[in-house]
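Chains, contacts and geometry: an overview
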Amino acid sequence: MSTTEKNEAAESKTTNGSSKPTSPNADLRHDFASSWVYSSAPESSDKVEIKSSYGHFINGQFVEPAKGRRFNSVNPATEEILTEISEGTSEDIDSAVKAARIAYNKRWSTLPAKERGKYIFRIARMIQERSRDLAITESMDGGKPIRESRDVDVPLAAAYFFYYAGWADKLNYAFPGREAKSIGVCGQIIPWNFPLLMLAWKIAPALATGNTVVLKPAETTSITALKFAEICRDSGLPDGVVNIITGAGQTGSTIVNHDDIDKIAFTGSTNVGKIIQKSLAGTDKKYTLELGGKGANIVFEDASIDQAIEGIINAIFFNQGHVCCAGSRLLVQEGIAEKLTQKLKDRLETLIVGDPLDKNTDIGAINSKAQYDRISEYINIGKEEGADIYQTSNGLPDKGYFCKPTLFTGVSQSNRIVQEEIFGPVLTIQTFRTPSEAIEKANNTPYGLSSGIWTDRGSKIFNVGSQMDSGVVWANTFNKFDPTSPFGGYKESGVGREGGLHGLYPYVNLSNNNLR
Ligand code: NDP
């Protein structure tokens, strides 16, 4: 077959007359937009019950906030008020800590480990049973596509509970030759990007190791934590083992500074992490901090480009880019930069931005007005810094906080959009010539949470991966999570690890008794 005949065979005509490659290897522009049209497929929220207001969950019951103050939780896709959430004050936090202390002393720390495990297994199964309700609620409250809350957030939350339930009566195997003792009452503060999943990362290992908890969800996404409180109550978990106090930053700060809390686990911004670290200095509280990131996604010339394109999309547009380990900086080897950027732009055109409850939606709503404003500010900063912006041509819904998938090319390493965490669907693209240049650029930010490497060569993965200043290095994939795998950062991305066996350490005191 001649070259011309091969090219003709690789193309077919669509109904509107445009050329479309039929072979994934054909070196032609993909014309996704004219070929793929989806009818809307909305998930029904009819059966989902969201109460008109919620109290705090203290000592196994929902109670009114001591000062009677409440704030609204808003659906970011519609701007409608979903419910009223209680604002936690020092009185509420005192009650919760007292309940957690009594539960710790009288019940939970003395319960046989096997029994503790049974409760946690039960909670995991109940999350599965209520998975549809939890997934829809998560998408309504936080704006994330139902596809993600249904297929990622909720199943993974259950998986973390299953995983740590299994450890409860096997701590002797986790720490051979040493005795693991629980710490006491844990104060846990979580962000709005993965509300139920971050709760699972915090509560599951704490309970498995015999601790009790007081947890504060983020102000904009409290509802699934309160539904989780219902699960704790319905599972028969002893009163006071899990307490949920809602509120904003001040409530979190009061938990951090409470005298009768033994450990703080925090996930959120680096700025707040630093405030917490300062206030814990000089106390004997243990702490773990999971903070921000500015992950580099490095694509070498020998990578499978089409596979890398899907990985780049997943790395930055998963959960609207509200991901601490997002691959928000793309580093492409010079020889393929032009081709890859064009393919990426073509693929971007196919992303569906819109109703989080539509099963076809790829990118949902930005979590809050405040975060929308912050992302918009960074987009303006990028333009002012002289970078070239590319945004998709598709329109956005009239209501709600939606942001177009955005690429910036022509950026330099010192630009703010390259150095600072934007936490939105915004990707910067830089080029490099040699592996050492890629490593230098990848490591040149204050953060050190995640990175990705795309190459056909296993040796390159090991060579480059071992030189990344980041807690996680993904190879030919991105944003993959598993309960057995530790997660955490270097530099300004945090202190300590969550997940896997490593995730048990922050919740125990170890002694060498068994060695005597
Ligand atoms: P914050 O760090 O402000 O919030 C995280 C959690 O801490 C929330 O529950 C928050 O409460 C609480 N909090 C706020 N101030 C204090 C304080 N002084 N003491 C104790 N707890 C406090 O992050 P934001 O939610 O405001 O997000 C802003 C930026 O943080 C994002 O743009 C992103 O860069 C980063 N971020 C990183 C995350 C990660 O996973 N690494 C997750 C979320 C955000 P409340 O929200 O109710 O005010």
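One structure accompanies this document, and this report is about it. (Residues numbered from 1 in each chain as written. Predicted model: local features only at pLDDT ≥ 70, side-chain atom pairs only at ≥ 80, totals over all residues. Heavy atoms only, no water.)

1. Overview of the site of the ligand
The line we're drawing: Summary of the distance rule: residues count as near a molecule or strand when at least one heavy atom falls within 4 Å of that molecule or strand. In the analysis that follows, any N or O atom pair within 3.5 Å is treated as a polar contact, provided that within protein one partner can donate a hydrogen and the other can accept it, and provided that, for residues neighboring in sequence, both atoms belong to side chains. The Shrake-Rupley method, run with a 1.4 Å probe, gives the accessible areas here. Residue values count only the displayed protein chains as cover. Here a cavity denotes grid points, spaced 1 Å and computed from the protein atoms alone, that fit a 1.4 Å probe unable to get out, and a pocket denotes an open set having protein on both sides within 12 Å along at least 5 of 7 lines; residues with an atom within 4 Å of a point are the lining. Whether a molecule sits in a cavity or pocket is decided by its atoms, more than half of which must lie within 2 Å of the grid points. Secondary structure elements follow DSSP: runs of H or I no shorter than four residues count as helices, runs of E no shorter than two count as strands, and numbering proceeds from the N terminus.
In the neighbourhood of the ligand, 28 residues make up the surrounding shell, with Trp192, Glu219, Ser269, Leu291 and Glu421 lying closest. In this structure, Ile190 approaches the ligand through a main-chain N or O atom, which is 2.8 Å from an oxygen atom. Residue Gly247 places a main-chain N or O atom 3.2 Å away from an oxygen atom belonging to the ligand. Contact with the protein chains covers 87% of the free accessible surface of the ligand, which is 850 Å². The pocket occupied by the ligand, as judged from atoms lying within 2 Å of grid points, is the largest pocket. Looking at the shell around the ligand, the elements with two or more residues in it are α9 (249-256), β12 (263-267), α10 (270-280) and α13 (369-384).

2. Considerations on the sheet that holds strand β6 (residues 70-74)
Applied cut-off: Should DSSP find at least two bridges between two strands, the strands are taken to pair.
Sheet architecture is open: three strands sit in the order β3-β7-β6, paired in mixed fashion. The strands lining the two open edges of the sheet, one partner per strand, are β3 (53-54) and β6.

3. What about the packing of helix α7 (residues 195-208) against helix α8 (residues 223-235)?
Our working rule: Angles run from 0 to 180 degrees between N-to-C directions of axes, and those axes are lines fitted to C-alpha atoms, restricted for helices to the stretch in contact. For classification purposes, an angle smaller than 35 degrees is called roughly parallel, one larger than 145 roughly antiparallel, one from 65 to 115 roughly perpendicular, and anything else oblique. Handedness of each helix crossing follows the sense of rotation of the near helix against the far helix: counterclockwise by less than a right angle gives left-handed, clockwise gives right-handed. In this description, contact between two residues means that some pair of their heavy atoms is separated by no more than 4.5 Å. Polar here means any residue other than Ala, Val, Leu, Ile, Met, Phe, Trp, Tyr, Cys and Pro, which are nonpolar, and Asp, Glu, Lys and Arg, which are charged; Gly is therefore polar.
In the contact formed by α7 and α8, the axes pass within 8 Å of each other and the chain directions differ by 50°. Between α7 and α8, the angle is such that the two are oblique. At the point where α7 passes α8, the crossing takes the right-handed sense. Within the contact between the two elements, α7 uses Pro195, Leu196, Leu199 and Ile203 and α8 uses Thr224, Ala225 and Phe228. Within the contact of α7 with α8, the residues separate by chemical class into six nonpolar, one polar and no charged.

4. Focus on the layout of surface pockets
As a reminder, the rule being used: Grid points are joined across faces, edges and corners, and a volume is the space filled by probe spheres set on the points.
Of the volumes computed, that of the largest pocket is approximately 1,000 Å³. Forming the walls of the largest pocket are 41 residues, and the residues nearest its centre are Trp192, Phe266, Gly268, Ser269 and Val272. Of all the secondary-structure elements, those providing two or more residues to the lining of the largest pocket are α9, β12, α10 and α13. The element best represented in the lining of the largest pocket is α10, accounting for six residues. Looking at the lining of the largest pocket residue by residue, the class counts come to 18 nonpolar, 16 polar and seven charged.

5. Thoughts on empty space enclosed by the protein
The gaps of empty space that remain are located by a probe, the size of a water molecule, rolled over the atoms. Under the defined criterion, the tally for this structure stands at five cavities of 30 Å³ or more. By volume, the largest cavity amounts to about 90 Å³. Along the walls of the largest cavity sit Asn193, Phe194, Leu197, Met198, Trp201, Thr267, Glu290, Val323, Cys324, Cys325, Phe481 and Phe487, which together make up its complete lining. If one sorts the elements of the lining of the largest cavity by residue count, α7 sits on top with three residues. When its residues are assigned to classes, the lining of the largest cavity shows nine nonpolar, two polar and one charged. Empty space within the second largest cavity amounts to approximately 80 Å³. Looking at the second largest cavity, it is lined by 15 residues, and the ones nearest its centre are Arg329, Ala442, Ser450, Asp469 and Ser470. Where the lining of the second largest cavity is concerned, the elements lending two or more residues are α15 (435-443), β19 (447-448) and β20 (450-454).

6. Considering the packing of aromatic side chains
Just so we agree on the cut-off: Any pair of Phe, Tyr and Trp rings, taking the six-membered ring for Trp, is counted once the centres come within 6.5 Å. Such a pair is stacked with planes under 30 degrees apart, edge-to-face with planes over 60 apart, and tilted for the rest. Remark: a charge is flagged as sitting over a ring if the NZ atom of Lys or the CZ atom of Arg is within 6 Å of the ring centre and within 35 degrees of the ring normal.
Throughout the structure, instances matching the rule amount to 17 aromatic pairs. An aromatic cluster is defined as three or more aromatic residues linked by ring pairs; in this entry it consists of Tyr160, Trp201, Trp474, Phe478, Phe481 and Phe487. One cation-aromatic arrangement involves Lys263 over Tyr507; the distance from NZ or CZ to the ring centre is 4.8 Å. Seen from the ring of Tyr490, Arg497 lies directly overhead, with NZ or CZ sitting 5.3 Å from the centre.

7. So, the sheet that holds strand β15 (residues 329-333)
The strand order across the open sheet formed by seven strands is β16-β17-β18-β15-β14-β20-β21, and the pairing between neighbours is mixed. Each edge of the open sheet is held by one strand with a lone partner, namely β16 (388-391) and β21 (472-475). Strand-to-strand, the axes of this sheet are offset by a mean angle of 20°, without reference to chain direction. Strand direction decides the pairing type here: β15 and strand β18 (residues 426-432), joined by five bridges, are parallel. Its bridge partner lying in β18, Val332 is registered against Thr431. Each of β16, β17 (406-409) and β18 is contacted by α13, which is oriented at about 25° to β17, the strand it contacts most.

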